[in-house]
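# Fold and contact review
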Amino acid sequence: MTKRIVILGAGESGTGAAILAQKKGFDTFVSDMSSIKDKYKDMLDERGIRWEEGKHTEELILNADEVIKSPGIPNDAPMILKLKEREIPIISEIEFAGRYTNAKMVCITGSNGKTTTTSLIYHIFKKAGLNVGLAGNIGQSLAYQVAECDYDYYVIELSSFQLDNMYKFHANIAVLMNITPDHLDRYDYKMQNYVDAKFRIIQNQTDEDAFIFWNDDPIIQGELHKYGIHGRYYPFAESREDGLAAFVEQNRIYFTEPAAFNMEQEELALTGTHNLFNSMAAGISANVAGIRKEYIREALHDFKGVEHRLEKVARVRGVEYINDSKATNVNSCWYALQSMKTKTILILGGKDKGNDYNEIADLVREKCSGLIYLGLHNEKLHGFFDGFGLPVADVQSMKDAVNAAYRMAKKGETVLLSPCCASFDLFKSYEDRGSQFKECVRNL
C-alpha cells in the first residue's frame, strides 16, 4: 500500500515537501489553516497534488503515515496534539528532504547572525565554483531543490523550530553562532528548552564532521560538556587563545586550521563586531570544506550583505536611515546599537516574545536621543524605557514611525529600525516591515 504523507502548511517549505513527496511516489495531501498563496497553489496544481486551505479536515489528515509540519505551526496546535495522540510521526521538511540526497550539508543556527553567515558561506562556495544550493529559512526550500536540482552541497539556515522536528538529519558542517533568549513563548518560557533545540544541530554528527561555534558564548560553553564529542570542534573568538580555529590579533583575522591563513580586518566587506563573528564562522566553514584561501579572502571582501540587516536606506537632510527589520529579538538590536557611530533614534516594538530589555538598557542610554514605539501594544516599552528621560513617540503604522523619526532626528544623527520584536502585530513579516520602512524613508 502506498504510504500517505500529509503536509501541514503550504508555504515555501510545505509546497517543496509536497513536490518531493509526490515525486517519490507517496500519496500526498497538503492542508493549510490559512489561505495559500497563488504561487504555491499553481505549483501544486501543475503536479496534480491535492490541497485544502482555510481548514484542517481531520479525516484527510489523521489517516497519514507521516506528517511534515511547517516550522511556523506551534507544537500545541489542536491538530498537532491530535496527531501526537495517535502517535503519527511528525517531521520537518528538512528532515524529509535529507533522506533523498547525498549532498554535503552545511547547517547554520543561532539566535542571531544566521542569515548573514548562511549567505556569506553560500557566497564563498559559489565563488569557489562549487555546485551549491541555498536553503532553509532563505532561498527555495531544501525539499524543492532535492526534487528538482542536483547539488553537491547545501548551505542551510536552520531555526530552532525546524530543528525541533529533525531526528536523523546529519549536518556535515554545523555552525552555532550564539544562543540568547528568543522565541521563549514557543518553549514554555524555559530557556533550556530553546537551548536544547539549538544543540540538535549536532545530534547525528560523526568523527568526520565539523562543529563550528563562538567560543565566548557562556551558554554554548555551559552545554559542551553534555555532549560526547563526535564532530571535530572549530571554535572562534575575538581574542587569541589556544585551540581556536579563528581569532583576531592587531586588526588581522587569523584562520588556524585546517589551512592557516590571515587577512586584514579592514578587508572584510561587513563591519561591526557581530559581522566579524559571522565572517570568522563563514571563513572556517569554507576552510573545513577545503576551499582555497584566495577564494575565501576574496568572497569575505566583496560580499554585498543581507537585506533588512543593518541595511543603509538613504540619507535625508543629513540623517542616515538604517533598516534592521530582521532584528526580531533583543540581542540582535544590541548588536545594531553597538555598531552605531552617531546618536540614534531607535524604532522598536511589535509582537513581544517574552523580551527582557535590560540587555540593551545601557546602550539605549548611551547611544539613543529618542525612541519610537511601533506596535499595537506598547505598554511594556513605556514601562521599561519612559524613565530614561528620552523623547518618545507612540505609533501604529510605519508611515507614522518614519514621520515621527524625521521630526525627532537632528542633522548628523541616525534613525535605526531595529525592533527587538516579531512583526506580526502590524506587518505580514519582518521583510514587509523593512520594505515599508524603506518605502516611507524614500518618500520623505
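Rules used in this analysis
Residues numbered from 1 in each chain as written. Predicted model: local features only at pLDDT ≥ 70, side-chain atom pairs only at ≥ 80, totals over all residues. Heavy atoms only, no water. Helix = DSSP H or I, 4+ residues; strand = E, 2+ residues; numbered from the N terminus. Buried < 20%, exposed > 50% of the residue type's maximum accessible area, 1.4 Å probe, protein only. Contact = heavy atoms within 4.5 Å. Phe/Tyr/Trp six-rings, centres within 6.5 Å; stacked < 30°, edge-to-face > 60°. Lys NZ or Arg CZ within 6 Å of the ring centre and 35° of its normal. Pairing = 2+ DSSP bridges. Axes fitted to C-alpha atoms, helices over the stretch in contact; angles between N-to-C directions. Parallel < 35°, antiparallel > 145°, perpendicular 65-115°, else oblique. Nonpolar A, V, L, I, M, F, W, Y, C, P; charged D, E, K, R; others polar. Expected span 1.5 Å × (residues − 1). Patch = residues over 30% accessible without salt bridge, like charges linked within 9 Å, V, L, I, M, F, W, Y side chains within 5 Å. Areas by Shrake-Rupley, 256 points an atom, 1.4 Å probe, with all protein chains shown as cover. Salt bridge = Lys/Arg side-chain N within 4 Å of Asp/Glu carboxyl O. Lys, Arg positive; Asp, Glu negative; His and termini not counted. Charge placed at Lys NZ, Arg CZ, Asp CG, Glu CD.

## Digging into the overall build of the protein chain
- Per the secondary structure count, the protein chain includes 17 helices and 20 strands.
- Over its C-alpha atoms, taken along the principal directions, the protein chain stretches across nearly 70 × 50 × 40 Å.
- Taking all 444 residues of the protein chain together, 58% fall into the buried category.
- Considering only contacts within the protein chain whose residues lie at least 6 apart along the sequence, 65% involve residues at least 24 apart.

## Description of the packing of aromatic side chains
- Inspection of the entire model under this criterion finds 18 aromatic pairs.
- Ring geometry for Phe96 and Tyr100: centres 5.4 Å apart, planes at 70 degrees, overall edge-to-face.
- Ring centres 4.7 Å apart and planes at 20 degrees place the aromatic pair Phe255 and Phe261 in the stacked group. Note on accessibility: Phe255 and Phe261 belong to one class, buried.
- These aromatic residues form a ring-pair network of at least three members: Phe199, Phe211, Phe213 and Tyr233.
- Its guanidinium or amino end placed over the ring of Phe388, Arg365 lies 4.1 Å from that ring's centre, counting from NZ or CZ.

## Details of the sheet that holds strand S5 (residues 90-91)
- Here 5 strands make up an open sheet; going across it, the order is S3-S2-S1-S4-S5 and the pairing parallel. Where the open sheet ends on each side, the last strands, each with one partner, are strand S3 (50-53) and S5.
- The sheet contact formed by strand S4 (residues 66-69) and S5 spans 2 bridges and is parallel. Bridge pairing links Ile68 to Ile91 in S5.

## Focus on unusual backbone geometry
- Put simply, Glu257 and Pro258 share a cis peptide bond, and its omega is -5 degrees.
- Here Pro258 is to be found in the loop between strand S13 (252-255) and strand S14 (261-264).
- The backbone phi angle of Asn251 is positive, close to 60 degrees, even though this residue is not glycine.
- Take Asn251: it is sitting in the loop between strand S12 (246-249) and S13.
- Under the relative-accessibility criterion, Asn251 is labelled exposed at 54%.
- Its identity is not glycine, yet His308 carries a phi of approximately 70 degrees, on the positive side.
- By secondary structure assignment, the location of His308 is in the loop between helix H12 (293-302) and strand S15 (311-316).
- Accessibility expressed as a relative area gives 2% for His308, which makes it buried.

## Some points on the packing of helix H1 (residues 12-23) against helix H2 (residues 38-46)
- Taken N-terminus to C-terminus, the directions of H1 and H2 make an angle of 5 degrees; their axes are 10 Å apart at the nearest point. Taken together, the axis directions place H1 and H2 in an arrangement best described as roughly parallel. Residues Glu12, Thr15, Ala18 and Ile19 of H1 lie in contact with H2, whose contacting residues are Lys39, Tyr40, Met43 and Leu44.
- Considering only residue class, the contact of H1 with H2 consists of 5 nonpolar, 1 polar and 2 charged.

## Regarding helix H11 (residues 273-288)
- Compared with an ideal rise of 1.5 Å per residue, which puts 16 residues at 22 Å, H11 spans 23 Å between its outermost C-alpha atoms and is within 8% of the ideal.
- Buried residues dominate H11, accounting for 14 of its 16 residues.
- At the exit of H11 stands Gly290, carrying a positive phi of roughly 85 degrees.

## Comments concerning the sheet that holds strand S20 (residues 414-417)
- Taken together, the 6 strands give an open sheet; going across it, the order is S15-S16-S20-S17-S18-S19, and neighbouring strands pair in mixed fashion. At either end of the open sheet lies a strand with only one pairing partner, and these are S15 and strand S19 (392-395). Adjacent strand axes in the sheet meet at a mean angle of 20 degrees, parallel and antiparallel pairs treated alike.
- Looking at chain direction, S15 and strand S16 (residues 319-323) are connected through 5 bridges and run antiparallel. Each bridged residue has a counterpart across the sheet, and for Ala314 the counterpart in S16 is Tyr321.
- Against the sheet, helix H13 (residues 330-338) engages strand S17 (344-348), strand S18 (368-374) and S20, with an angle of about 165 degrees to S17.
- Its contacts with the sheet put helix H16 (residues 398-408) on S15, S16, S17, S18, S19 and S20, and the angle it makes with S18 is roughly 165 degrees.

## Focus on a negative patch on the surface
- The grouping of Asp216, Glu238, Glu241 and Asp242 at the surface amounts to a negative patch.
- Tracing the chain through its elements places Asp216 in the loop between strand S10 (210-214) and helix H10 (218-224).
- A residue is classified by how much of its surface remains accessible, and Asp216, at 35% relative accessible area, is partly exposed.

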